[in-house]
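Here are the chains, one letter per residue:
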Amino acid sequence: MANSASGMAVHDDCKLKFMELKAKRTHRFIVFKIEDKQIIVEKLGEPTETYEDFAALLPAEECRYAVYDYDFMTGENVPKSRIFFIAWCPDTAKVRSKMIYASSKDRFKRELDGIQVELQATDPTEMGLDVFKSRVN
């Protein structure tokens, strides 16, 4: 386990599951949470799950980190994908939780080698599919 600047440990499973998503595409998304002073995997999304399935898993009043493998077509009709890192911190989350997630984010993101796009969202509109589409080009 690696320590981040905030003292949060990153469970080895986080990096392992991320590598599976990146290299083998065995997951559509991964939701992470901080529990007992470490970052752990909370939920893995099957490759067949949709963006809507993913968005429904993010709690309305708690912070989370997430990684989403977004597939899209280029203007030349070439299929591509981008790996998004999402820092989900709703306005209704507790202040202490927001501070912990904010102070751990950069170090955790560095542990996940291969993140291509980062989003910070406080409500669902800040991480909608339209935002994903606008950030891939």
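For the structure itself, look to the data block above.
These numbers come from a predicted model, not from an experiment.

**Observations regarding the pairing of strand E7 (residues 117–121)**
Burial along E7 is one-sided: Val117, Leu119 and Ala121 are buried, while Glu118 and Gln120, pointing the other way, are not. Examined bridge by bridge, strand E6 (residues 79–88) and E7 share five bridges and lie parallel to one another. Within the sheet, the bridge partner assigned to Ile86 lies in E7 and is Leu119.

**Re the packing of aromatic side chains**
Applying the stated criterion across every chain, the model contains 16 aromatic pairs. Measuring from centroid to centroid gives 5.1 Å for Phe29 and Phe54, while their planes differ by 50°, and the two rings are tilted. Here Phe29 is found in strand E3 (residues 29–35), whereas its partner Phe54 is found in helix H2 (residues 51–57), with 25 residues between them in sequence. Here Phe29 and Phe54 have matching classes, each one buried. Ring centres of Phe32 and Phe108 lie 4.9 Å apart, and the angle between their planes is 80°; this geometry places the pair in the edge-to-face category. Taken as a pair, Phe32 in strand E3 and Phe108 in helix H3 (residues 95–111) lie far apart in primary sequence, 76 residues in all. For the pair Phe32 and Phe108, one class covers both residues: buried. Each member of the aromatic cluster is reached from another via a ring pair, and the members are Phe29, Tyr51, Phe54, Tyr68, Tyr70, Phe72, Phe84 and Phe132.

**Looking at the environment of Leu119**
In this fold, Leu119 is placed in strand E7. Classification of Leu119 by relative accessible area gives buried; the value is 3%. The sequence separation of Leu119 and Phe85 amounts to 34 residues, and the corresponding C-alpha distance is 6.2 Å.

**Digging into the side chain of Lys33**
Tracing the sequence through the fold places Lys33 in strand E3. Lys33 gets classed as buried once you look at its relative accessible area, which sits at 19%. Separated by 3.0 Å, the side chains of Lys33 and Glu35 make a polar contact. Each residue touching Lys33, except ones within four places of it in the same chain, is listed here: Gln38, Ile39, Ile40, Glu42, Arg64 and Tyr101.

Conventions and cut-offs
- Residues numbered from 1 in each chain as written.
- Predicted model: local features only at pLDDT ≥ 70, side-chain atom pairs only at ≥ 80, totals over all residues.
- Heavy atoms only, no water.
- Buried < 20%, exposed > 50% of the residue type's maximum accessible area, 1.4 Å probe, protein only.
- Helix = DSSP H or I, 4+ residues; strand = E, 2+ residues; numbered from the N terminus.
- Pairing = 2+ DSSP bridges.
- Phe/Tyr/Trp six-rings, centres within 6.5 Å; stacked < 30°, edge-to-face > 60°.
- Polar contact = N/O pair within 3.5 Å; in protein donor to acceptor, adjacent residues only side chain to side chain.
- Contact = heavy atoms within 4.5 Å.

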